[in-house]
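Chain residues, written in single-letter form:
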Amino acid sequence: MKIDANLWRLAIAALALSAAPSLSSAQNGGFGAGYGPPLKVIPPPKQFASSEEHYKYLLEQAKGGTKQTLATVPRWDGLWVTAGNTHLSAFITTGNFDGKVIEGVLTPAYEKAYKERWRQQTEEGQVHYDRLGHCEPPGLPRFLLEPYTHEFINLPQESYLINDFGPSIRRVLLGKEHSNLYGTHSWYGDTIGFWDGDKLVLNTKYLYPADFTRWSPMTSNQFETVEIWQLKKYDGGIERLEVQATFYDKYAFVKPVNVVYAFRHATELIKADYRVNHWECDQTSESYLDDKGVTNFHLPGEEGFHDGRGATMFPELPGQTRDPIYNTTLPTATTSAPPATTKGAKP
Amino acid sequence: MNKIFTTLSVALAGAALSATVAQAHHSFAMFDGKTQIVKTGTVVRWAFNNPHSWLYLNVKNADGTDTLWSFEGSAPTGLIQRGITGDTFKPGATVTFMYCPLRDGRPGGAIGWAKLDDDKYLNPADGGCNGGDENQKKWTDWLAKGYTSSTEAEAAVGK
């Protein structure tokens, strides 16, 4: 038995090592893959017509859900980073850039559009539309695989699922029905949920249409999710927060798509005493789509460059630089003078 | 024995993870990832910001003038895991660095590796250029032979 266990551990390690080079170079959907045993999709017990039907079935199975208190609610404290997913395997034959679009997963219109996106990615090195390339928020479902820092705060009546990309916060109301007072859709939609023991079950609706991710199909304004979040423990002290997700989209998917995502403790960041800070795309992103539809950058001194660490709109007032520690300056579109540091200047 | 295997597997998995931390906010198609060039410059600003960091340096031209060069690097969460922080490249510091240039020829690119006065390699790279350990080893050899571009180094090897 011990030999079997040891062989399993070595196999996992070997798999992780073999996966690493391709992941680092290809940057596919498996951000952070290789931590713990291979991720396995657990599909729903049966097929449902809608996310709402799926969610209600799970709620019934859980007999209305587990009522948690501050003492019993599962704690997922601390910082987390992504630990892989099976995302791309749901749409691409090999789950990597050497594969082809799996036919029959998407509806004809979305499959045609995705084949063109995949051609752009594999032949040109990038898709023409990527929402992040022009400062749109990641949104859902991209939230589930963004390789930035996450925090998950569970309280008896609600949970807060946070990604420092944006940053974005999914507010999960427990034991509630959906509500949409805005009368429209949004980047993160409306999420309700319940606890089933140590599993957090979510249902999200009212999402914007957008690209699933850079390498993925587009999704429609009818995209909805059922997610089951659970902290799993494995040999070797490995803890992994796993998300079994079922995606519904009557315009994009022929039938629901099942994917698993994972997060691990960000031990390196915790050790470095890292703090999640607020930031937004405008802070530093110099990327834009040029007249050929290709992502490019504005450089200092060029029109369109915005200096995220420069002065505010009120430079005549003292203390208006956003780089008060080093107080550096860069040329702007209206300044043709060569760049210079202002050593010794007081911010 | 069991502990050894467990430790080994976790360590190996950790090594694998360290190779996968490049973070991508946008595509890298604007960079020529196959061309690597080494230059030395003076730090004007190290913008340790999300969603990408930017290293701005003045690089001396042949005529004695300076040109401001701009290099994109990875996001802070990835860089901190490699020991790089907002204080790593201080204004005025001299940095020798490798980069993959912008395809359109403007003074900028994707940062690969960088070295400060202590001559130790740092890896601030994102997905646009390879700043990893293996490439650093290759460049140690190339730099010793006096090469400052992958094109000339590879051409010499091919001779």
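1. Let's talk about the overall build of chain B
Counting its regular elements, chain B contains four helices and six strands. Taken from N to C terminus, the helices and strands of chain B fall in the order α-β-β-β-α-β-β-β-α-α. In chain B, 57% of the contacts between residues at least 6 apart in sequence involve partners at least 24 apart.

2. Digging into the overall build of chain A
The helix and strand tally for chain A stands at five helices and 13 strands. The buried share of chain A, taken over its 347 residues, is 41%.

3. Focus on the pairing of strand β6 (residues 199-205) of chain A
Residues and elements named next belong to chain A. The buried fraction of β6 is high, at six of seven residues. Taken together, the seven bridges between strand β5 (residues 190-196) and β6 define a ladder with antiparallel strand orientation. Each residue of the ladder has a partner; that of Thr 191, found in β6, is Thr 204. The pairing of β6 with strand β9 (residues 224-234) spans five bridges and is antiparallel. Paired with Leu 202 across the two strands is Glu 227, which belongs to β9.

4. Topic: the pairing of strand β2 (residues 150-154) of chain A
Residues and elements named next belong to chain A. Only one face of β2 is buried, namely the one carrying His 150, Phe 152 and Asn 154, since none of Glu 151 and Ile 153 on the opposite face is buried. Where β2 lies against strand β3 (residues 158-163), five bridges are found, and the strand directions are antiparallel. Bridging from a neighbouring strand, Phe 152 pairs with Leu 161 of β3. In textbook terms, the turn of a hairpin is the stretch between consecutive antiparallel strands, and for β2 and β3 this stretch comprises three residues.

5. Structural notes on the nonpolar core
Ranked by size, the top nonpolar core spans 91 residues in total, and within it Tyr261(A), Leu55(B), Tyr99(B), Ala110(B) and Ile111(B) carry the most contacts. Here the element with the most residues in this core is strand β11 (residues 257-265) of chain A; it accounts for six residues. Ala110(B) has contacts with Phe28(B), Phe31(B), Phe71(B), Glu72(B), Tyr99(B), Cys100(B), Ala125(B), Asp126(B), Gly128(B) and Cys129(B), leaving out every residue within four places of it along the chain.

6. Description of unusual backbone geometry
For the bond running from Leu140(A) to Pro141(A), omega is 15 degrees, close enough to zero to count as cis. For the bond running from Asn50(B) to Pro51(B), omega is -5 degrees, close enough to zero to count as cis. Turning to its location among the elements, Pro51(B) is positioned in the loop between β1 (37-47) and β2 (53-60). The phi dihedral of Lys63(A) falls on the positive side, at around 55 degrees, and the residue is not glycine.

7. Things to note about the environment of Val254(A)
Residue and element names in this part refer to chain A. Following the sequence through the fold, Val 254 ends up in the loop between β10 (238-248) and β11. The partly exposed category is assigned to Val 254, around which 15 C-beta atoms lie within 10 Å. Counting along the chain gives 147 residues from Val 254 to Thr 107, while the straight-line C-alpha distance between them is 5.4 Å. Every residue in contact with Val 254, bar those within four places of it in the chain, is listed here: Gly 104, Val 105, Leu 106 and Thr 107.

8. Let's talk about helix α3 (residues 133-144) of chain B
In an α-helix, one full turn covers 3.6 residues, which means residues spaced three or four apart are oriented alike. Look at α3(B): 17 Å from first C-alpha to last across 12 residues, which is about the 16 Å you get at 1.5 Å a residue. In the segment just after α3(B), Gly146(B) is the residue with positive phi, at about 90 degrees.

9. Some details on the confidence of the model for chain B
When pLDDT is low, close inspection of the predicted coordinates is not appropriate. Residues and elements named next belong to chain B. Looking at chain B as a whole, its pLDDT mean stands at 85, while 82% of the residues score no less than 70. Every residue in residues 1-23 scores below 50 in pLDDT, and together they form 57 contacts with partners more than four places removed in sequence or on other chains. Among the scores for the predicted complex, ipTM is 0.81 and pTM is 0.82.

10. Some words on the environment of Asn258(A)
Residues and elements named next belong to chain A. Relative to the assigned elements, Asn 258 resides in strand β11. The partly exposed category is assigned to Asn 258, around which 16 C-beta atoms lie within 10 Å. With residues up to four places along the chain from it excluded, the contact list for Asn 258 reads Val 41, Pro 43 and Thr 246.

11. Section: the environment of Asn135(B)
Residues and elements named next belong to chain B. By the element assignment, Asn 135 lies in helix α3. Assessed through the 19 C-beta atoms surrounding it within 10 Å, Asn 135 is described here as partly exposed. Note: C-alpha distance between Asn 135 and Gly 112 (23 residues apart in sequence) is 9.0 Å. Residues contacting Asn 135, with those up to four places away along its chain left out, are Gly 112, Trp 113 and Asn 130.

12. Concerning the confidence of the model for chain A
Residue and element names in this part refer to chain A. Of all residues in chain A, 86% have pLDDT values of 70 or greater, and the mean over the chain is 85. When the criterion is pLDDT under 50, residues 1-29 qualifies, and its contacts beyond four places in sequence or with other chains add up to 56 contacts. Below a pLDDT of 50 lies the segment residues 334-347, which in the model reaches 24 contacts outside its immediate sequence neighbourhood of four places, other chains included.

Thresholds applied
Residues numbered from 1 in each chain as written. Chains lettered and ligands numbered in written order. Predicted model: local features only at pLDDT ≥ 70, side-chain atom pairs only at ≥ 80, totals over all residues. Helix = DSSP H or I, 4+ residues; strand = E, 2+ residues; numbered from the N terminus. Contact = placed C-beta atoms within 7 Å. Buried ≥ 20, exposed ≤ 12 C-beta atoms within 10 Å, placed from the backbone. Pairing = 2+ DSSP bridges. Core = buried A, V, L, I, M, F, W, Y, C linked by C-beta atoms within 7 Å. Expected span 1.5 Å × (residues − 1). pLDDT = per-residue confidence, 0-100.

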